[in-house]
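Chain residues, written in single-letter form:
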Amino acid sequence: QVQLVESGGGLVQAGGSLRLSCAASGRTTSRYAMGWFRQAPGKEREFVAATTNWSAASTSYADSVKGRFTISRDNAKNTVYLQMDTLKPEDTAVYYCALRLGNLVRYEATMYEFWGQGTQVTVSS
């Protein structure tokens, strides 16, 4: 079973930064597409960012975070990161790391087979 463990969430003021980490075990994540999703209370889980397998090295971002968030991999650590800069109150949500058994980016949460437990990000104004 693939296990994904997110960390790095917390409380920050608007304009601040956080870096989320997603450490994987059970598989080498470089072979698969990895995504970040978030869910705020009362809202649907939404796509944030994703990256294809390491060799393709393609990234995708939701319009709401483009230019502020960056997804990256450290294959040696089998870890995927989400660097979040210029945070806004509307970024407040539980952030989830996800893996799909494929190498193409998908925007639908249902296309990802493995999920972490989530980490809370709260941005105060």
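Quick look at the structure, then.

The rules we used
Residues numbered from 1 in each chain as written. Predicted model: local features only at pLDDT ≥ 70, side-chain atom pairs only at ≥ 80, totals over all residues. Heavy atoms only, no water. Salt bridge = Lys/Arg side-chain N within 4 Å of Asp/Glu carboxyl O. Buried < 20%, exposed > 50% of the residue type's maximum accessible area, 1.4 Å probe, protein only. Phe/Tyr/Trp six-rings, centres within 6.5 Å; stacked < 30°, edge-to-face > 60°. Helix = DSSP H or I, 4+ residues; strand = E, 2+ residues; numbered from the N terminus. Lys NZ or Arg CZ within 6 Å of the ring centre and 35° of its normal. Polar contact = N/O pair within 3.5 Å; in protein donor to acceptor, adjacent residues only side chain to side chain. Pairing = 2+ DSSP bridges. Axes fitted to C-alpha atoms, helices over the stretch in contact; angles between N-to-C directions. Contact = heavy atoms within 4.5 Å. Lys, Arg positive; Asp, Glu negative; His and termini not counted. Core = buried A, V, L, I, M, F, W, Y, C linked by side-chain atoms within 4.5 Å.

Here we look at the pattern of salt bridges
All chains considered together, the criterion is met by five salt bridges. Salt-bridge contacts for R38 lead to E46; the nearest nitrogen and oxygen are separated by 2.6 Å. Overall, R38 belongs to the buried group, its relative accessible area being 5%. With a shortest N-O distance of 3.3 Å, R106 and E108 are connected by a salt bridge.

Thoughts on the packing of aromatic side chains
Taken as a whole and assessed by the stated rule, the structure comprises six aromatic pairs. Ring geometry for F37 and Y112: centres 5.1 Å apart, planes at 75°, overall edge-to-face. Of this pair, F37 sits in strand β4 (residues 33–39) while Y112 is found in the loop between β9 (93–100) and β10 (114–115), placing the two residues 75 residues apart along the sequence. Ring centres of Y96 and W115 lie 6.3 Å apart, and the angle between their planes is 75°; this geometry places the pair in the edge-to-face category. A residue pair is termed long-range when its members are at least 10 positions apart, and Y96 in strand β9 and W115 in strand β10 qualify at 19 residues. Residue class for Y96 comes out buried when judged on its relative accessible area of 15%. Here a set of aromatic residues connected by ring pairs shows up, and it is made of F37, F47, Y96, Y107, Y112 and W115. In this structure, R45 is placed above the aromatic ring of Y96, and the distance from its NZ or CZ to the ring centre is 4.0 Å. The residue whose ring lies beneath R45 is W115, and the NZ or CZ to ring-centre distance is 4.9 Å.

As for the environment of E6
Locating E6 in the fold gives a position in strand β1 (residues 3–7). Between the C-alpha atoms of E6 and V80, which are 74 residues apart in sequence, the distance is 9.3 Å. In terms of polar contacts, E6 uses its side chain to reach the backbone amide nitrogen of Q117, at 2.9 Å. At 2.9 Å, the side chain of E6 and the backbone nitrogen of G118 are in polar contact.

As for the sheet that holds β1
Spatially, β1-β3-β8-β7 is the arrangement adopted by the four strands of the open sheet, whose pairing is antiparallel. A strand with exactly one partner marks an edge of an open sheet, and here the two such strands are β1 and β7 (69–74). Ignoring which end each strand starts from, the neighbouring axes of this sheet average 15° apart.

Quick notes on the side chain of T51
Along the polypeptide, T51 turns up in strand β5 (residues 46–51). Apart from residues lying up to four places away in sequence, T51 is in contact with Y32, A33, M34, S58, T59, I71, R73 and V105.

Considering the side chain of R100
Tracing the chain through its elements places R100 in strand β9. E113 is the oppositely charged side chain nearest to the buried, salt-bridge-free R100, at an N-O distance of 5.3 Å.

A short note on the nonpolar core
Ranked by internal contacts, the top residues of the largest apolar core, which has 35 residues, are L4, W36, V48, F69, L82, M84 and Y95. Elements represented by at least two residues in this core include exactly β3 (18–25), β4, β5, β7, β8 (79–84), β9 and β11 (119–124). Tallying contributions element by element places β9 first for this core, with five residues. Excluding residues within four positions of it along the chain, Y95 makes contact with E6, L20, W36, F37, R38, V48, F69, L82, M84, G118, T119 and V121.

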